[in-house]
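Now for the letters of each chain:
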Amino acid sequence: MSTIHSAAGGRKKLVAGNWKMFTTPQSAAELARAVAHGVAGTAGRGGVLVCPPFPFLGLVAAALERSPVALGAQNCFHELEGAFTGEVSPRMLRDMGCDYVILGHSERRHKLGETDELISRKVRCAVEVGLRVILCFGETLPEREANKTEQVLDRQFSGSLAGLPPDKVPQLVFAYEPVWAIGTGRHATPEQAEQAHAFLRRRAAAAFGDVAARALTILYGGSVNPGNAASLFAEPEVDGGLIGGASLKANDFLDIVKAALPTSTP
Ligand code: PGA
């Protein structure tokens, strides 16, 4: 299969902060305000979003008002409404101002036992209410060492996207996040990221067609920091980043944004 070149896709860079289960009401509001202030002026040149914990969505939405920074959530349930104690509907996320939701993160796959089948139900439910889904893929270290990276990505692709109506494909963003690189300080090399992204784009072309695959934003995640962001984002298949630890420090996150959107003035 031929490589699908990014230039032809005209994709904008996207940088997403995944705050995981960190921050307090006060620090979440401060961080959101600092990010909003830092990216003022970048509107239209790319995308920046932050994904705070559920309880802080409202206060972060308020802090981001009139800023170009979008709001995302870190998870959702696979039904819109019902007797599901403790769960959060994608429609509630929309109502709170979210444009994005992260699904299939490796911490949910590996620490909370989420399967591809469950993730596929969440994806279908989230896109139904108009959310953009940042769908995560990634292999473990033993899988990489056994040369099974593409096999794992292929399985996650087929399973997590099963039954997705083709007209919802434009609402997808992919994130390649090798499990061995998340929170470990050990990032993938730009070449490793490029190869995995190219594989995911070929896989998307086979499933959805070349035009949709070229338009698909594919982020890299896993120990991105201000020191390595520029070299990762320089790869043609790397359309930005999903940032964990470094997104909790406004200055680090804004430096990463700058590396993705070099014409911006944070
Ligand atoms: P990290 O996390 O940047 O702390 O490695 C990335 C992620 O889990 O999305």
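Our structure's up above, just so we're on the same page.
Attention here is on the structure that accompanies the text. This one's a predicted model, so the numbers in the text were calculated from it and none came from an experiment. (Residues numbered from 1 in each chain as written. Predicted model: local features only at pLDDT ≥ 70, side-chain atom pairs only at ≥ 80, totals over all residues. Heavy atoms only, no water.)

Describing unusual backbone geometry
Of note, the phi angle at K20 is positive, near 50°, even though the residue is not glycine. Mapped onto the elements, K20 comes out in the loop between β1 (14–18) and α2 (25–39). In this model, N147 sits at a positive phi of 60°, which is unusual for a non-glycine residue. Looking at the secondary structure, you find N147 in the loop between α7 (141–145) and α8 (149–160). (Helix = DSSP H or I, 4+ residues; strand = E, 2+ residues; numbered from the N terminus.)

Things to note about the state of the cysteines
According to the stated counting rule, one finds zero disulfides in the structure shown. C51 takes part in no disulfide bond, and the closest cysteine sulfur to it belongs to C98, at a distance of 7.8 Å. Of the cysteine sulfurs around C125, a residue in no disulfide, the closest is that of C76, at 6.4 Å. (Disulfide = S-S within 2.5 Å.)

As for the packing of α2 against helix α12 (residues 250–260)
Two elements in contact, α2 and α12, have axes separated by 10 Å at closest approach and are oriented at 30°. Crossing handedness for the pair α2 and α12: right-handed. Together, L31, A34, V35, G38 and V39 of α2 and A250, F253, L254 and V257 of α12 make up the contact between the two elements. Broken down by class, the residue content of the contact of α2 with α12 amounts to eight nonpolar, one polar and no charged. (Axes fitted to C-alpha atoms, helices over the stretch in contact; angles between N-to-C directions. Left-handed = near helix turned anticlockwise from the far one by under 90°. Contact = heavy atoms within 4.5 Å. Nonpolar A, V, L, I, M, F, W, Y, C, P; charged D, E, K, R; others polar.)

Here we look at the environment of G221
The topology assignment puts G221 in strand β7 (residues 217–221). For the pair G221 and L31, spaced 190 residues apart in the sequence, the C-alpha separation amounts to 20 Å. Those residues in contact with G221, other than ones at most four positions away along the chain, are Y176, E177, P178 and L242.

Details of α8
An ideal rise of 1.5 Å per residue puts 16 Å on twelve residues; α8 measures up with 16 Å between its terminal C-alpha atoms. If you check which residues of α8 are buried, you get T149, V152, L153, Q156, F157, G159 and S160. Where α8 is buried, its residues contact α5 (106–111), α6 (116–128), β5 (132–137), α7, β6 (172–176) and α9 (190–208). (Expected span 1.5 Å × (residues − 1). Buried < 20%, exposed > 50% of the residue type's maximum accessible area, 1.4 Å probe, protein only.)

A look at the side chain of T149
Here T149 is to be found in helix α8. With a relative accessible area of 11%, T149 lands in the buried category. When near neighbours in sequence (up to four residues on either side) are disregarded, T149 contacts E139, E143, R144 and Y176.

A closer look at the pattern of salt bridges
On inspection of all chains with the given rule, the structure shows eleven salt bridges. Across the pair E114 and K122 runs a salt bridge whose closest N-O atoms are separated by 2.7 Å. We classify E114 as buried; its relative accessible area is 8%. It is possible to trace a salt-bridge network through shared partners that takes in R11, R201, E237 and D239. (Salt bridge = Lys/Arg side-chain N within 4 Å of Asp/Glu carboxyl O.)

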